[in-house]
Amino acid sequence: MPSAPDADFATLFHFLPIGAYRSSAEGRMLHANEQLARINGFRDVAELIERARGDPEGWYVDPARRVEFRARLARDGEVRGFVSEVKRRHDGERMWVSENAHLVRDAQGRVLFYEGTVEDITGRMAEQKLMREQQDRLQALADQIPGTVFSLLIRADGTRAYRFVSSGVREMYGFEPEDLMRDPMLIARYRHPDDVPRLGAETQAILAAKVDLAGEFRIVLPDGQVKWLYKRSCEVSRDEEGVQRVGVLLDITARKKAEEALRENEALWKLALESAGEGVWDWNLATGEEYLSDSLLAMYGYSRDDIQGVAADLDARTHPDDIPAMVEARRAHFEGPAPLYRNEHRVRAKDGRWIWVLTRGMVISRDEDGRPLRIVGTHTDITDMKLAEEQQRTLEVQLRESQKMEAIGTLAGGVAHDFNNLLAAILGNLVLAREDVGADHPAQESLAEINRAAIRARQLVQQILTFSRRGAQVMEHQPLLPLVEEALGLMRSLLPAGVRLVTRLSSEPLPALVDGTQLQQVLMNLCTNAWQAFAGRPGEVTVALERAELDAARALQLGVLEPGSYVCLSVADNGPGIDEVTQRRVFEPFFTTKAPGTGTGLGLAVVHGIVKAHRGAIGLTSQPGAGTRFDVYLPLAASAGMPAASVSVAPSAPATPVPAGRHVVYVDDYEALVFLVGRLLRKQGYRVSTFESGEAVIDWLKAHPGEPIDLLVTDQNMPGSSGVEVAREVHRLRPGLRVAIVSGHVSDALIAEAARVGVDDVLAKQDSMDELGNAIRGLLDTDPVR
């Protein structure tokens, strides 16, 4: 192996403006240039090599990046543009680098060493971050600027393409920014006929030379309304594609109307309108006539044809709840106690909105008896301030609502626990009743229906637990076909018009370890994503469920699976497809290609998370114009031990006699359940001692230290001592005694806590007492492992 970079390239190696190195096949740095030393904060290359040899793992901030780098190098023989955050060898300061590396092999293909370069791109990354932040700020700023901000490309042939249009165009023209970006001539069609020729002249001037443009023009909306706009734009760049310009459009209609009104009114109103900046009114109290300025009318969206010019007309548009306070404020000013008239009230705008205004005025003329004759004042729009106050109150209400829902959730969890006990008693007594009446009794059919209803009630309890956020992922071995068919049945009623749902479902059971609710959510999210891709056009969505055998090559493509047998759930559509760039991002949270406000960007991210939690993988196959298919792979489970797909309604078979002398202690705070379990176990041949609290059974154990006991079964959720606390104390008194805990909701946290105190098993409250008896028999028939 060469001991140094080849002589022909040694000068270049050390002259490179970026870091360069050579390392052994084991990853030990052999040579480095001075630039790499400087990047790492060293002046001496030898010191860098020594430090790197002493700490080969300490380069990357995220150790997983080193693993990925080595994996790519081993797989491809080279790595290019590998960007990571690293720690300088000298002082641990963080920085960003871009790495390139390749393998050098001998004639037999053995790796001799690695060679690579390292470029410090910390400044570039900071600039990119700053650029993103600036872009976000500019977007937010553009949406706050009154009027419409735009970016426009004018091509050599005079055609236009809008690259950016702010949301202000919606209020100004009545259409969406996207409408203008799709149809650049849309805005030109709104021009007043007398102003259209100016548009062609402006285009010629722009193409001829760099020029800043500013001017006023009129537009005519579909309803016939005429608006005055002011446009200012400037050139940003010019290339073979065309001239890039940016500009702003401002609605100056109110100003134009104010200018016209000023020309027509007396000098007093010229001064008032020029200085007030608000809606101005002048009320002749003797005649009832009231002058309203154009700005005041515009505040509410009215024209002079809408308002008759009398005070009563605007008063009639005042919110009924605000009139008494408004009348009282006027009276206080007219009669003298209040030097100014001041009041806040709501006025109905032309579009139906209620606008909050602050009105202030003063009587400027009285008769010889002091009665007011004329009052002038202004209206100030304070809707935003009122909305802010309302938002503050809303946040306070939301906080109280959140606290209330938390309390309801706690209550729901408690109710679910008590309801579980009731159901256990109902289900257990059903078993005993059906045995008592015999298999051929006419009551068996009614008892079977009661059993089905109780099972459905048990499922309702699980929903209550989910609402109270005490639920956890419930992984069960179950066939996938019923889950898929149930979800498809729901989705058929949700299909958009023109979308056809096709199914290809295997008749095999295809069992897997899944959370049924989450798997159905995966299917519904994928189908929703598929039909949304049609964007209102007809299409076909195909759902398939089948067994799949993955070989090593396909498993490697999916990245996280081992070769073997899997269940494949596929959702395919014949929509527009997804390009390669978008495919790399479809599972990112909040990434969406939909228009703003029409998608959260979480649907596929949730799918990916659920599939990963199920130790599965998801594949995507798509190309523009050829549709899209998602394949979800879940490990296929063995069929043995699978629960039945439906609830059995046949009476239970007689149990095998229990060996004499088996003594079971049962603890539960629910009296009916204690009685039921005691009766059931005694019927099966056990000797049973029952207690209704943890404290009672502990006292009994202390009083009967020599009493032989084979198994103690205790409920988890009880007043006083919980099941775990009972188990801890029982093991202190009887170290070798088997203990099992029963709970209506078995969570991972409960299982872990029970294991820490030496509990033998944690049992879910059974849907039938036979199942509880079988569970107890199974524990007693198994040798304890201590």
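What counts and what doesn't
Every chain is numbered independently, its residues counted from 1 as its sequence is written. This being a predicted model, a pLDDT of at least 70 is required before a residue's local features are given, and a value of 80 or more before pairs of side-chain atoms are given or counted; all residues contribute to the totals for chains, interfaces and linings. Excluded from the side-chain calculation are hydrogens and water; included are all heavy atoms of the structure. A run of DSSP states H or I qualifies as a helix once it reaches four residues; a run of E qualifies as a strand once it reaches two. Both are numbered from the N-terminal end. Residues count as neighbours in contact if any of their non-hydrogen atoms are within 4.5 Å of one another. Two strands pair if DSSP finds at least two bridges between them. Geometry is summarised by axes, namely lines fitted to C-alpha atoms with helices restricted to the contacting stretch, and by angles between N-to-C directions that run from 0 to 180 degrees. Exposed residues in this analysis have more than 50% of their type's maximum accessible area, buried residues have under 20%, and partly exposed residues fall in between, with area computed by a 1.4 Å probe over protein chains only. We count a salt bridge whenever a side-chain nitrogen from Lys or Arg sits within 4 Å of a carboxyl oxygen from Asp or Glu. Aromatic contacts are taken between Phe, Tyr and Trp rings whose centres are within 6.5 Å, Trp giving its six-membered ring; a plane angle under 30 degrees counts as stacked, one over 60 as edge-to-face, and the others as tilted. Distance and angle both matter: a charge sits over a ring if NZ of Lys or CZ of Arg is within 6 Å of the ring centre and within 35 degrees of the ring normal. pLDDT measures how confident the predictor is about each residue, on a scale from 0 to 100. For a helix, the expected span equals 1.5 Å multiplied by the number of residues minus one. Crossings are classed by handedness, with left-handed meaning an anticlockwise turn of the near helix from the far one by less than a right angle and right-handed meaning a clockwise turn. In this classification, Asp, Glu, Lys and Arg are treated as charged, Ala, Val, Leu, Ile, Met, Phe, Trp, Tyr, Cys and Pro as nonpolar, and every other residue, Gly included, as polar. Our angle categories are set so that under 35 degrees counts as roughly parallel, over 145 as roughly antiparallel, 65 to 115 as roughly perpendicular, and the remainder as oblique. By convention a nonpolar core is built from buried Ala, Val, Leu, Ile, Met, Phe, Trp, Tyr and Cys residues, the set being connected through side-chain atoms within 4.5 Å.

For the rest of this paragraph, the subject is the side chain of E290. For E290, the location among the structural elements is in strand 12 (residues 290-292). The residues contacting E290, other than those within four sequence positions of it, are W281, D282, W283, G309, V310 and A311.

Of the strand pairs in this sheet, strand 6 (residues 148-154) and strand 10 (residues 242-251) are connected by seven bridges, and their pairing is antiparallel. Bridge pairing links I154 to V243 in strand 10. Bridge count between strand 9 (residues 226-239) and strand 10: 10 bridges; the pairing is antiparallel. When the bridges of strand 10 are listed, S233 appears paired with G247. Taking the residues that link successive antiparallel strands as the turn, the strand 9-strand 10 hairpin has two residues.

Bringing the sheet that holds strand 10 into the picture now. Two orientations exist for strands paired in a sheet by backbone hydrogen bonds: parallel and antiparallel. The strand order across the open sheet formed by five strands is 7-6-10-9-8, and the pairing between neighbours is antiparallel. On the outer flanks of this sheet lie strand 7 (160-165) and strand 8 (213-220), each paired with one strand and no other. Each strand of the sheet is rotated relative to its neighbour by a mean of 30 degrees, with strand direction disregarded.

Here L510, not a glycine, exhibits a phi torsion of approximately 50 degrees, which is positive. A relative accessible area of 2% means that L510 is categorised as buried. Its identity as a non-glycine residue notwithstanding, R615 has a phi of 60 degrees, on the positive side. Its relative accessible area of 72% is what places R615 among the exposed residues.

Another point: the pattern of salt bridges. By the definition in use, this model includes 43 salt bridges. Salt-bridge contacts for E68 lead to R65; the nearest nitrogen and oxygen are separated by 3.0 Å. You can see E68 and its partner R65 sitting in helix 4 (residues 63-76), three residues apart, about one turn around the helix. Salt bridges linked by common partners bring R65, E68 and R72 together as one network.

Turning our attention to the packing of aromatic side chains. Overall, the coordinates contain nine aromatic pairs when judged by the stated rule. Ring centres of F69 and F82 lie 5.2 Å apart, and the angle between their planes is 70 degrees; on these two criteria the pair is classed as edge-to-face. Placement of the pair is F69 in helix 4 and F82 in strand 3 (residues 78-87), with a sequence separation of 13 residues. The two residues F69 and F82 agree in class, both being buried. Cluster of aromatic residues (ring-pair linked, three or more members): Y60, F69 and F82. Cation over ring: R317 sits above Y302, and NZ or CZ is 4.8 Å from the ring centre.

Scored by pLDDT, the protein comes out at a mean of 82, with 84% of its residues at no less than 70. Within the protein, no element has a lower average pLDDT than helix 10 (residues 267-276), which sits at 51, and none a higher one than strand 23 (residues 663-667), at 94. Across residues 466-471, where pLDDT falls below 50, the model places 17 contacts with residues more than four positions away in sequence or in other chains. Confidence over residues 640-655 falls short of pLDDT 50; this stretch has 17 contacts with residues more than four positions distant or in other chains.

Moving on to helix 21 (residues 671-683). Helix length check: helix 21, at 13 residues, gives a terminal C-alpha distance of 18 Å against a target of 18 Å (1.5 Å per residue), a fit within 8%. Among all positions in helix 21, only L673, V674, L676, V677, G678, L680 and L681 are buried. Of the residues flanking the end of helix 21, it is G685, one or two places downstream, whose phi is positive at about 105 degrees.

What the five strands build is an open sheet, ordered 24-23-25-26-27; its pairing is parallel. Edge positions in the sheet fall to strand 24 (687-691) and strand 27 (761-764), since each of these pairs with one other strand and no more. In this sheet, adjacent strand axes meet at a mean angle of 20 degrees when their direction is disregarded. Note that strand 23 and strand 25 (residues 711-715) share four bridges and pair parallel. The residue of strand 25 that forms the bridge with V664 is L711. Along the sheet, helix 21 makes contact with strand 23 and strand 24, crossing strand 24 at roughly 175 degrees.

What follows is about the environment of N525. With respect to the helices and strands, the residue N525 is situated in helix 17 (residues 516-532). Each C-alpha atom, one on N525 and one on L604, is 7.0 Å from the other, the two residues being 79 residues apart in sequence. The contact partners of N525, leaving out residues within four places of it in the chain, are G603, V606 and V607.

The next point concerns helix 4. For helix 4, spanning 14 residues, the distance from its first C-alpha to its last is 20 Å, which sits close to the expected 20 Å at 1.5 Å a residue. Residues of helix 4 that are buried sit in contact with strand 1 (19-24), strand 3, strand 4 (94-105) and strand 5 (111-120). Where helix 4 ends, the next residue or the one after it, G77, has phi of about 80 degrees, a positive value.

Turning our attention to the packing of helix 17 against helix 20 (residues 603-613). The description of two helices packed together rests on the angle between their axes and the distance between the axes. In the contact formed by helix 17 and helix 20, the axes pass within 9 Å of each other and the chain directions differ by 145 degrees. Our pair here, helix 17 against helix 20, has a crossing hand that is left-handed. Residues Q518, Q521, V522, N525, L526 and N529 of helix 17 form the contact with helix 20, whose own contacting residues are G603, L604, V606, V607, I610 and V611. Each residue belonging to the contact of helix 17 with helix 20 can be placed in one class, and the counts come to seven nonpolar, five polar and no charged.

In this section: the environment of V211. Its location among the elements puts V211 in the loop between helix 8 (196-208) and strand 8. V211 sits in the partly exposed class, given a relative accessible area of 24%. Sequence spacing of V211 and E235 is 24 residues, and the spatial spacing of their C-alpha atoms is 6.8 Å. With residues near it in sequence (within four places) discarded, V211 still touches A205, I206, C234, E235 and R245.

Contact geometry of helix 22 (residues 694-703) with helix 23 (residues 723-733) gives a least axis separation of 10 Å together with a crossing angle of 5 degrees. Taken together, the axes of helix 22 and helix 23 lie roughly parallel to each other. Residues G694, V697, I698, L701 and K702 of helix 22 form the contact with helix 23, whose own contacting residues are V726, E729, V730, R732 and L733. Taken together, the residues of the contact of helix 22 with helix 23 sort by class into six nonpolar, one polar and three charged.

In terms of nonpolar packing, the biggest core is built from 36 residues, with L480, L523 and V543 touching the most fellow members. Each residue touching V543, except ones within four places of it in the same chain, is listed here: V484, L488, L501, V502, T503, R504, L505, L523, C527, L569, S570 and V571. Formed by 24 residues, the second largest nonpolar core is a distinct cluster that contains A32, L36, Y60 and V97.

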